[in-house]
Amino acid sequence: MNYLMWRLHRNQLLVAGGALIVLTVVLLILPKSDNHAIEAIVYVTIVMPLLLGLFWGAPLLAKEFEDGTNGLAWTQGVTRRRWLRSNLMWAILAAAVWGAAVTAVVTWWSLAEVSLGRSRLGPGPFDIQGIVPLAYSVFAVVLGIAVGSMFRRVLPAMATTLAAFVAVRVVIAVLVRPHFMSPVSRVVSLAQGLPAGAWLLSNPAYVGPNGTLLTYQPANRFWAFQGIETGVFIVLAAGLVALAYRMVLTRDA
Amino acid sequence: MNVRDVPAIHTTGLGKRYGSNWGLQDFSVSVPRGHVTALVGPNGAGKTTLLKLLVGLCAPSAGEAEVFGRVPQQSEEFLASIGYLAQDVPLYKQLSADDHLEIGARLNRDWDAAAARARLAALRIPTNRPVATFSGGQRAQVGLSLVLAKRPQLLLLDEPMAALDPLARREFLASLTAAVADEGLSVVVSSHLLHDLERVCDHLILLAASRTQLCGDIDEMLAEHRTLVGPRRAANEIEPGLTVVKATETARQTRLLVRVDGPVLDPSWEVTEVGLEDIVLAYMEQEEAQAGGQLVELGRAQ
């Protein structure tokens, strides 16, 4: 099975490796003072996992069904269960390694919170550092695989992967993440301002001459938030793996 | 029961439903091992469904199937015993025949790469080019080489010659004939073109409208069917022991294709032997006529 996986998908591996090299080179020649460039890199890095889900995850099984080669693979001397396990294992491993590599490169380049001059917890910087990009990559690729095993056609699988990935990411980042832990509410004087690196959740409310009421997540919760967010996406990915197993093992070829 | 006596294929009441339609219904046959069986029937009769049920790519909705006494399932032992070539010969387009052989070698415990390479070399098929560049005939030959390299006990081929021109078809049949000359291999080949299969096969299953119409040895089938031509007469005047498959009448003559139990006694019939293709067509027409009759009745009920 490992040979089959390698033989079928080595081109994608080369493309993914090439993209990583290009990203590294771009980061090396990019001036760190250029704010637009930094914004662009943030966006590119945020979109990377989605590309992985779209162009690798979604076609992985859907293409086999579309071409009928699942019938070829499933009548060789290995069971469907083993076939699916190899597909999932290698896809998840590749996504995790690639996600980790992209994050490492971006983190090294930005020394994130300093260069971006913003809270590490805020939307944007939070999504491209630490361990969450790895979870996004794994989730995206497993989402693509599960949806592909359900629709069995490449284009509908890609379209659904795109919509579902964006929806889940946005909902969790905007609606769920601010409540991972109870926010801190404090009245601070104007001179004090927001503690360094904190993520401000709502507009400051003027409460009198003493100062303003701030509601925020303190900077030292960065790794706790990374852990919770990663956990959420790994649980979602596990559910999608179960769905893929169900689709492949119980449905007719 | 001796292992040699276990039939290659044994089904009882096998059925497969797609939504509210039956793709195959109440299918009960037994095919002894060592035969080359033609699976014929019109398009949509359930040939592909039957083959998929036999290799475990589909799960039955009713009844059961056994291949060498084993229920088709996802186990390495079962998968090693069957070879399946799907309709349109799906292959990994971007890979070469060599790649496919290498993949097969790694996915199967028993793999005869040397024989496959020798066959492809004899046919002058380049093994290092992507199969996407191949003609339909070359692809079919690669597909056949791959299933044979698996050294299966039962080989199932789904319309392997449907897309081939007459020359490629003849070459494919020659390859198949040479391959099945090996002792022990049981084969089922589906086609809606009986003509191609008649030379290779010694057994026949006729599927029409999702049901079995005929199943048996081709020689016996030929011995059991006769064409009778004689003066025109009513249906109840035909002697018992003759089952009419097809009747055509002109003003003076009645022409029957019948299944006989013994010799035809009525001397007024002129009895002639009948070819396999005519027998098969007669059974298929019969099924069509019945289906047509049902439609008429439905029309009246409304």
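Located above this text is the structure these notes cover.
## Examining empty space enclosed by the protein
In the structure shown here, the tally under the stated rule is 5 cavities of 30 Å³ or more. In this model, the largest cavity occupies a volume close to 110 Å³. Together, Leu4(A), Leu72(A), Ala73(A), Gln76(A), Tyr92(B), His100(B), Ile103(B), Gly104(B), Leu107(B), Trp111(B) and Leu146(B) line the largest cavity. Only helix H3 (69–73) of chain A together with helix H3 (97–107) of chain B provide two or more residues apiece to the lining of the largest cavity.

## A few points about the interface of chain B and chain A
Often, the extent of an interface is quoted as the loss of accessible area upon association of its parts. With 29 residues of chain B at the interface, the matching set in chain A holds 22 residues. Broken down residue by residue, the surface that chain B buries against chain A is led by Leu57(B), Tyr92(B) and Leu107(B), which jointly contribute 30%. On the surface where chain B and chain A come into contact, there are 4 salt bridges. A salt bridge links Arg7(A) to Asp99(B); the nearest nitrogen and oxygen atoms lie 2.9 Å apart. The tally of links between chain B and chain A comes to 12 residue pairs in polar contact (both at pLDDT 80 or more). Listing elements by their share of the side of chain B that touches chain A, those giving two or more residues are helix H1 (47–55), helix H2 (76–81), strand E6 (82–85) and H3 of chain B. With 7 residues, the single largest contributor to the side of chain B that touches chain A is H3(B). When grouped by side-chain class, the residues that make up the side of chain B that touches chain A number 14 nonpolar, 7 polar and 8 charged.

## Some thoughts on the sheet that holds strand E11 (residues 225–231) of chain B
All names here are of chain B. Pairing in this open sheet of 4 strands is antiparallel, and the strands run E12-E13-E11-E14 from one edge to the other. The strands lining the two open edges of the sheet, one partner per strand, are strand E12 (242–249) and strand E14 (270–273). Averaged over all adjacent pairs, the angle separating strand axes in this sheet is 25°, with direction ignored. Where E12 meets strand E13 (residues 253–260), 7 bridges bridge the pair, whose relative direction is antiparallel. Among the inter-strand pairings, Thr-248 is bridged to a residue of E13, identified as Arg-255.

## Side note on the pairing of strand E1 (residues 9–18) of chain B
Residues and elements named next belong to chain B. Two strands pair when backbone bridges link them, and E1 and strand E3 (residues 30–31) are joined in this way by 2 bridges, in the antiparallel orientation. Each bridged residue has a counterpart across the sheet, and for Ile-9 the counterpart in E3 is Val-31. Here E1 runs beside strand E5 (residues 62–67); their pairing, made up of 5 bridges, is antiparallel. Paired with Thr-12 across the strands is Glu-64, a residue of E5. Joining the antiparallel neighbours E1 and strand E2 (residues 21–27) is a turn of 2 residues, in which Gly-19 adopts a positive phi near 65°.

How each quantity is defined
Going along each chain's sequence as written, the residues are numbered from 1 onward. Chain A is the first chain written and ligand 1 is the first ligand written, with later ones labelled in order. Reporting in this predicted model follows two pLDDT cut-offs: at least 70 for local features of residues, and 80 or more for side-chain atom pairs to be given and counted; totals over whole chains, interfaces and linings ignore these cut-offs and use all residues. Hydrogen atoms and water are omitted, and side-chain values are computed over all heavy atoms in the structure. Site definitions follow a grid-based scheme: protein atoms alone, a 1 Å grid, a 1.4 Å probe that fits but cannot get out for cavities, and for pockets an open set with protein on both sides within 12 Å along at least five of seven lines, plus lining residues having an atom within 4 Å of a point. Grid points are joined across faces, edges and corners, and a volume is the space filled by probe spheres set on the points. Put simply, DSSP H or I for four residues or longer makes a helix, DSSP E for two residues or longer makes a strand, and each gets a number counted from the N terminus. Contacts are assigned to residue pairs with any non-hydrogen atoms lying within 4.5 Å of each other. When two components associate, each loses some accessible surface as probed by a 1.4 Å sphere; the sum of these losses over both components is called the buried area. Each salt bridge in this description consists of a side-chain nitrogen of Lys or Arg and a carboxyl oxygen of Asp or Glu lying within 4 Å of one another. Polar contacts, as counted here, are pairs of nitrogen or oxygen atoms within 3.5 Å of one another; within protein the pair requires one atom able to donate a hydrogen and one able to accept it, and residues that are adjacent in sequence qualify only if both atoms are side-chain atoms. Residue polarity follows a fixed list, in which Ala, Val, Leu, Ile, Met, Phe, Trp, Tyr, Cys and Pro are nonpolar, Asp, Glu, Lys and Arg are charged, and the others, Gly among them, are polar. Strand pairing is assigned whenever DSSP identifies at least 2 bridges connecting the two strands. Interaxial angle, 0 to 180 degrees, is taken between N-to-C directions of lines fitted to C-alpha atoms, where a helix line uses only the stretch in contact.

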